[in-house]
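# Structural overview
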Amino acid sequence: MEILRVENLSKIYGKGAIQVKALNNVSFSVKKGEFVAIVGPSGSGKSTLLHVLGGVDRPTSGKVFIEDTDVYSLNESKLAIFRRRQIGLIYQFYNLIPILNVEENVTLPLLLDGGKINKGKLEEILAILGLTDRLNHLPNELSGGQQQRVSIGRALINNPALVLADEPTGNLDSKNSKEIIDLLKVSNKQFNQTLIIITHDPQIALQADRIITLDDGQIIKDEVIRG
Ligand code: ADP
Ligand code: ADP
């Protein structure tokens, strides 16, 4: 089953003489449960693509369909709700709220939605992430690897259709990096969650089901490795 479809996406930054075409007519689709790695040189459009897929950066032209919703046909408030429910975003530098503790950071998307916290689900996620004894800690009291696990918890708490990660291990040493990728793979396989990650690390890319290579805003290679 197809969960994501992207049609003729282009993204142009700037105006007049200083225009940058970050994405140039990109089309592809992703199956439910697929683990896709996006690779390519710096400046090739990887982050732009992830942000457009995640509903946070409107394309200049083209369409993004997630589970049959035409994402950018939604108005801003509907789009914000859609993002919180359907998309989990994970960044290189965690983007945690410094004044909120671990439990509050993880449950933030639910609280913003006025939703009820499912204690069972919360405990399951915190246990998988190894954060059960850190619930009352603030982000600055945690290591980088722990902070990234909190941001994964926040991304997964709503059971999103799509998990998007932008260099999630770019700031971590190799041991923590492996743990984070293993956790993402667990959520991908165990919960059949679709996972798209940007990485510079060939070892990580080779663990994916499929590798999409971008160059100069275009897909220059799209290879299925397994599945
Ligand atoms: P990557 O993630 O592969 O390094 P990006 O998506 O960040 O690539 O950038 C693609 C191109 O778009 C680059 O030329 C970059 O300089 C440009 N770009 C990215 N974001 C902006 C922005 N907010 N304003 C102007 N240009 C941008
Ligand atoms: P706003 O649109 O006003 O920034 P948001 O609801 O989008 O408010 O999110 C507030 C903070 O929580 C942001 O830092 C955002 O990155 C983070 N956030 C919200 N929902 C998610 C999610 N599903 N995955 C990851 N981070 C999220």
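Position numbers for residues start from 1 in each chain and track the written sequence from start to end. Going through the entries in the order they are written, you letter the chains from A and number the ligands from 1. Predicted model: local features are reported for residues with pLDDT of at least 70 only, side-chain atom pairs are reported and counted for 80 or more only, and whole-chain, interface and lining totals are derived from all residues. Remark: hydrogens and water are excluded; side-chain values derive from all non-hydrogen atoms of the structure.

## A few points about empty space enclosed by the protein
Definitions used for this entry: grid spacing 1 Å over protein atoms alone; cavity, a set of points where a 1.4 Å probe fits but cannot get out; pocket, an open set with protein on both sides within 12 Å along at least 5 of 7 lines; lining residue, one with an atom within 4 Å of a point. Grid points are joined across faces, edges and corners, and a volume is the space filled by probe spheres set on the points. Summed over all chains, the structure comprises one cavity of 30 Å³ or more. In this model, the largest cavity occupies a volume close to 60 Å³. What lines the largest cavity is simply I125, I128, L129, I152, L156, L183, V186, S187 and F191. We count a stretch as a helix when DSSP gives it H or I for four or more residues in a row; a strand needs E for two or more, and each element gets its number in order from the N terminus. Only α4 (119–128), α5 (144–156) and α6 (174–190) provide two or more residues apiece to the lining of the largest cavity. By residue number, the principal contributor to the lining of the largest cavity is α6, which donates three residues.

## What to know about the packing of aromatic side chains
Planes of paired rings set the category: under 30 degrees apart is stacked, over 60 is edge-to-face and the rest tilted, where pairs are Phe, Tyr or Trp rings (Trp by its six-membered ring) whose centres lie within 6.5 Å. Tallied over the full model, the rule gives zero aromatic pairs. In this analysis the charged atom, NZ for Lys or CZ for Arg, is taken to sit over a ring once it is within 6 Å of the ring centre and within 35 degrees of the ring normal. We note R5 situated over the ring of F65; from NZ or CZ to the ring centre the distance is 4.5 Å.

## Some thoughts on the site of ligand 2
Consider each residue's heavy atoms; a residue with any of them within 4 Å of a molecule or strand counts as near. Lining the immediate environment of ligand 2, one finds R83, R84, I87, G88, L89, L108, P109, L112, R154 and A155. Between ligand 2 and I87, the relevant distance is 3.0 Å, taken from a nitrogen atom to a main-chain nitrogen or oxygen of the residue. Distance and chemistry together define a polar contact, namely a pair of N or O atoms within 3.5 Å, with one atom able to donate a hydrogen and the other to accept it when in protein, and with adjacent residues in sequence counting only for side-chain atoms on both sides. At a separation of 3.3 Å, a nitrogen atom of ligand 2 approaches a polar backbone atom of L89. All accessible areas in this document rest on Shrake-Rupley with a 1.4 Å probe, and a residue is counted as covered only by the protein chains that are shown. Considering ligand 2 on its own, with 530 Å² of exposed area, one finds that the protein chains cover 64% of that surface. Think of it this way: if more than half of a molecule's atoms are within 2 Å of a pocket's grid points, that molecule is in the pocket or cavity. In this structure the site holding ligand 2 corresponds to the largest pocket. Listing elements by their share of the shell around ligand 2, those giving two or more residues are α2 (76–86), β6 (87–90), α3 (102–112) and α5. Under the convention adopted here, Pro, Cys and the residues Ala, Val, Leu, Ile, Met, Phe, Trp and Tyr are nonpolar, Asp, Glu, Lys and Arg are charged, and Gly plus all remaining residues are polar. For the shell around ligand 2, the class distribution of residues is six nonpolar, one polar and three charged.

## Remarks on the nonpolar core
The term nonpolar core refers to a set of buried residues drawn from Ala, Val, Leu, Ile, Met, Phe, Trp, Tyr and Cys, joined through side-chain atoms within 4.5 Å. Throughout, exposure labels follow a simple rule: accessible area from a 1.4 Å probe, protein chains only, divided by the maximum for the residue type, with under 20% read as buried, over 50% as exposed, and the rest as partly exposed. I90, V102, V106, V150, I152, L184 and I197 are the most contacted members of the largest nonpolar core, which totals 33 residues. Secondary structure elements with two or more residues in this core: β3 (35–39), α3, α4, α5, β7 (162–166), α6, β8 (194–198) and α7 (202–205). Whether two residues are in contact is decided by their heavy atoms: any pair within 4.5 Å suffices. Those residues in contact with V106 that lie beyond four places of it in its chain are L122, L126, V150, G153, R154 and I157. Within the second largest apolar cluster, 30 residues are counted, among which are L49, V64, A161 and I196.

## Details of unusual backbone geometry
The phi torsion at N8 lies on the positive side, around 50°, for a residue other than glycine. Assignment of secondary structure puts N8 in strand β1 (residues 2–13). What makes N8 partly exposed here is its relative accessible area of 44%. At E67, a position not held by glycine, the phi torsion is positive, near 45°. Along the chain, E67 falls in the loop between β4 (61–66) and β5 (69–70).

## Observations concerning the site of ligand 1
Close to ligand 1 lie Y13, V20, A22, P41, S42, G43, S44, G45, K46, S47 and T48, which account for all nearby residues. Within the backbone of S47, a nitrogen or oxygen atom sits 2.8 Å from an oxygen atom of ligand 1. Protein contact buries 58% of the 560 Å² of open area that ligand 1 shows by itself. Looking at the shell around ligand 1 element by element, the count peaks at three residues for helix α1 (residues 46–53).

## Some details on the pairing of β4
In regular strands, side chains alternate between the two faces of the sheet. Judged from the five bridges that link them, β1 and β4 form a sheet pairing that is antiparallel. The residue of β4 that forms the bridge with R5 is F65. Two strands make a pair as long as DSSP finds a minimum of two bridges between them. As paired strands, β4 and β5 are joined by two bridges and run antiparallel to one another. Bridge pairing in β5 places F65 opposite D70. Taking the residues that link successive antiparallel strands as the turn, the β4-β5 hairpin has two residues, and the phi of E67 there is positive, at about 45°.

## What about the pattern of salt bridges?
A pairing counts as a salt bridge when a side-chain nitrogen of Lys or Arg comes within 4 Å of a carboxyl oxygen of Asp or Glu. Evaluated as defined, the whole model comprises 13 salt bridges. With its nearest N and O atoms 3.0 Å apart, the salt bridge here joins K11 to D57. Pair noted here: K11 is in strand β1 and D57 is in the loop between α1 and β4, with a separation of 46 residues, a long-range link. The exposure classification of K11 matches that of D57, with both residues buried. For K221, the salt bridge goes to E223, with nearest N and O atoms at 3.9 Å. The exposure class of K221 is partly exposed, given its relative accessible area of 48%. According to the relative accessible area criterion, E223 is partly exposed, its value standing at 33%. Three or more residues are tied together by salt bridges with common partners; here these are E2, R5 and E7.

In short, shape yes, function no, at least from these values alone.
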